[in-house]
Amino acid sequence: MAYQPRAPDHSSATDENSRNRRLYNPYQDLNLPTQTLYNLPTSPEFLFQEESLAQRRSWGENLTYYTGIGYLAGATAGAAKGFATGIKSIEPTDTLKLKINRILNGSGHWGRQIGNRCGVIGLMYAGLESGMVAVRDTDDVINSVVAGLGTGALYKAAAGPRSAAVAGAIGGVLVGLAVTGKQVLKRYVPI
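Predicted, not measured: the structure shown is a model, and the values here were computed from it.

**Side note on the environment of S107**
- With respect to the helices, strands and loops of the structure, S107 is situated in helix α4 (residues 96-136).
- Look at S107 and you get buried, because its relative accessible area is 16%.
- Each C-alpha atom, one on S107 and one on A77, is 9.4 Å from the other, the two residues being 30 residues apart in sequence.
- In contact with S107, not counting residues within four places along its chain, are G78, A79, G82 and F83.
- In terms of polar contacts, S107 uses its side chain to reach the backbone carbonyl oxygen of A79, at 3.3 Å.

**Focus on the packing of α4 against helix α5 (residues 141-155)**
- Where α4 contacts α5, the axes come no closer than 8 Å and their chain directions differ by 135 degrees. When the interaxial angle is binned, α4 and α5 end up oblique. When you trace α4 past α5, the crossing you get is right-handed. Every residue of α5 that contacts α4 at R117, V120, I121, M124, Y125, L128, E129, M132, V133 and R136 is listed here: I142, N143, S144, V146, A147, G148, G150, T151, L154 and Y155.

**Some thoughts on the packing of aromatic side chains**
- In this structure the tally under the stated criterion is 2 aromatic pairs.
- Considering the side-chain rings of Y65 and Y66, the 5.4 Å spacing of their centres and the 65 degrees angle between planes classify their relative orientation as edge-to-face.
- On the basis of relative accessibility, which here comes to 23%, the residue Y66 falls in the partly exposed class.
- Ring plane angle 85 degrees and centroid distance 5.2 Å describe the contact between Y66 and Y125, whose orientation is recorded as edge-to-face. Within this pair, whereas Y66 is found in helix α3 (residues 59-88), its partner Y125 is found in helix α4, the two being separated by 59 residues in sequence.
- Judged by relative accessible area, Y125 falls into the buried class, the value being 12%.
- The rings of Y65, Y66 and Y125 are connected pair by pair, giving a single aromatic cluster.
- The positively charged end of K81 is found above the aromatic ring belonging to W110, 3.8 Å away from the centroid.

How each quantity is defined
- Residues numbered from 1 in each chain as written.
- Predicted model: local features only at pLDDT ≥ 70, side-chain atom pairs only at ≥ 80, totals over all residues.
- Heavy atoms only, no water.
- Helix = DSSP H or I, 4+ residues; strand = E, 2+ residues; numbered from the N terminus.
- Buried < 20%, exposed > 50% of the residue type's maximum accessible area, 1.4 Å probe, protein only.
- Contact = heavy atoms within 4.5 Å.
- Polar contact = N/O pair within 3.5 Å; in protein donor to acceptor, adjacent residues only side chain to side chain.
- Axes fitted to C-alpha atoms, helices over the stretch in contact; angles between N-to-C directions.
- Parallel < 35°, antiparallel > 145°, perpendicular 65-115°, else oblique.
- Left-handed = near helix turned anticlockwise from the far one by under 90°.
- Phe/Tyr/Trp six-rings, centres within 6.5 Å; stacked < 30°, edge-to-face > 60°.
- Lys NZ or Arg CZ within 6 Å of the ring centre and 35° of its normal.

Here it is, written out as structure tokens:
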């Protein structure tokens with residue numbers, strides 16, 4: 001007969017702390033005899049009370065999220081572009097190894113280049129949006145659109161004022177469309 005671990009009897013524990021917790025056994029799927037149980041919280045924990053009141057990500061989480069999403073999307077799109085470029089550059093006399101090498105080199109080159117660009121754009125957007133939230137002390141559509149405007153303008157600032165203005169307008173419009181699309185999805189698509 002195999003040993004079956006049992007959860008300890010918590011019928012006498014009625015304090016508030018134990019009601020909001022669940023038991024966790026890290027060895028439950030390993031089928032090892034153990035009595036090591038940890039009492040983990042079931043709700044998110046915050047260091048400061050103000051953080052629990054805000055219904056949004058912190059500036060650090062935003063920075064990480066937008067930079068990562070930007071890099072991942074850019075690297076994927078760049079790899080697809082590099083794949084197409086590598087396919088087009090194949091010559092009839094190339095061996096299989098050379099064909100694969102051209103495709104991999106093209107995918108790596110464009111994936112890295114576009115991924116880094118999009119990651120930097122995400123980094124700037126997250127910083128500007130978090131700065132707007134901190135300055136205005138509110139989280140609304142205006143912050144996102146202004147952050148998009150600023151990101152586009154800042155990204156193309158070295159190319160001159162005209163390019164910066166065009167890129168800023170494009171950034172503001174894209175963010176406005178993204179925010180509108182998100183609100184439409186929330187309203188009409190039950191998730």
